[in-house]
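These are the residues of each chain, in order.
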Amino acid sequence: LLDYYDRSGSGVGSLFAGLNPNLIHDVTPTDLLAVSRYCGPLSPLLIRRNLGPSPQRSALLRALRELPDDDLAAAGANRLLVMENLHLAARDCFRSSPETQRMWEPASVLCARKRGDLFPNPSDPVLSAFGINPGPLTHRQTWLVYRSLLRNDDVRRQLFAISESLDHASDQSVVPDHGVLSILDATLHTFVN
C-alpha cells in the first residue's frame, strides 16, 4: 500500500484521488486523465462525448446532481437505484466500438472518482477473487459485496487500522486516501496483484 500511494513512484493511488479539480457535479479533462490512469488511453470519441455537448454528457451531469456523496455501507435500496442511474449514464459515455479488454471498467472508475465513498473501483482480478464474473450486472454484485464488507465491524476495524498504519509509516511522499472504501479497494487490489 505504501508503494500504491507513493507520489514519488508509479503507483496510481494518490494521483487518482488527489488530481484536481474534482468538481462534484461536473466531468472535466482532469477526471478523464484520472480514468485513463486505470483504463489506458481514451479515444477522441469518448473524450468528446464526456466533455462536449452530447446527450450522454447531459444525462451524466444530471445523474451526478441527483446523487450526493454518501457512504456505501449506509446505502439502502433507494440510494442503490440512484447509483445505478449514475453508473449507467457513465457507461453510456464510455460506450464505443469494441475495444481491447481492460483491467478496469471506465464507467466504474469515473463513478469511483466522482463519488469516492459510494462506488468501489475493483480491478478484474479483484472481481475474479470474489467470484464475480464480468457482465451487464457486475456492478450490482460488486456493490453488494463491498457494502457487506463495509458493514462488517471486524473489516471496518481492520481498515481503520490500515489507514492509521499508513499515516504513521508514511513520509511526505506517501499520500493515502482517507475514505474507508478507497482503503478497502487499494488493499484488495494490492493483495491480489
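Residues numbered from 1 in each chain as written. Predicted model: local features only at pLDDT ≥ 70, side-chain atom pairs only at ≥ 80, totals over all residues. Heavy atoms only, no water.

K.L.:
Help me understand the packing of aromatic side chains in this model?
P.N.:
In this structure the tally under the stated criterion is two aromatic pairs. Between the aromatic rings of Phe119 and Trp143, the centroid separation amounts to 5.5 Å while the plane-to-plane angle is 80°, which identifies the pairing as edge-to-face. Taken together, the residues span a long stretch of sequence, with Phe119 in the loop between α7 (106–114) and α8 (124–129) and Trp143 in helix α9 (residues 138–151) at a distance of 24 residues. Each of the two residues, Phe119 as well as Trp143, counts as buried. (Phe/Tyr/Trp six-rings, centres within 6.5 Å; stacked < 30°, edge-to-face > 60°. Helix = DSSP H or I, 4+ residues; strand = E, 2+ residues; numbered from the N terminus. Buried < 20%, exposed > 50% of the residue type's maximum accessible area, 1.4 Å probe, protein only.)

K.L.:
So what exactly am I meant to see when it comes to unusual backbone geometry here?
P.N.:
Negative phi is the rule for most residues except glycine; trans is the rule for most peptide bonds. Cis geometry is adopted by the peptide bond preceding Pro21, which originates at Asn20 and carries an omega value of 5°. Along the chain, Pro21 falls in the loop between α2 (13–18) and α3 (29–39).

K.L.:
Just checking my understanding: could you explain the nonpolar core for this structure?
P.N.:
General note: in soluble globular proteins, nonpolar side chains tend to be found buried as a group. Of all hydrophobic cores here, the largest spans 47 residues; its most connected members are Leu60, Leu72, Met83, Leu86, Phe94, Phe119 and Leu150. Sorting the residues of this core by element identifies α1 (2–5), α3, α5 (55–66), α6 (77–94), α7, α9, α10 (153–169) and α11 (180–192) as the ones contributing at least two each. The element contributing the most residues to this core is α6, with seven residues. (Core = buried A, V, L, I, M, F, W, Y, C linked by side-chain atoms within 4.5 Å.)

In short, shape yes, function no, at least from these values alone.
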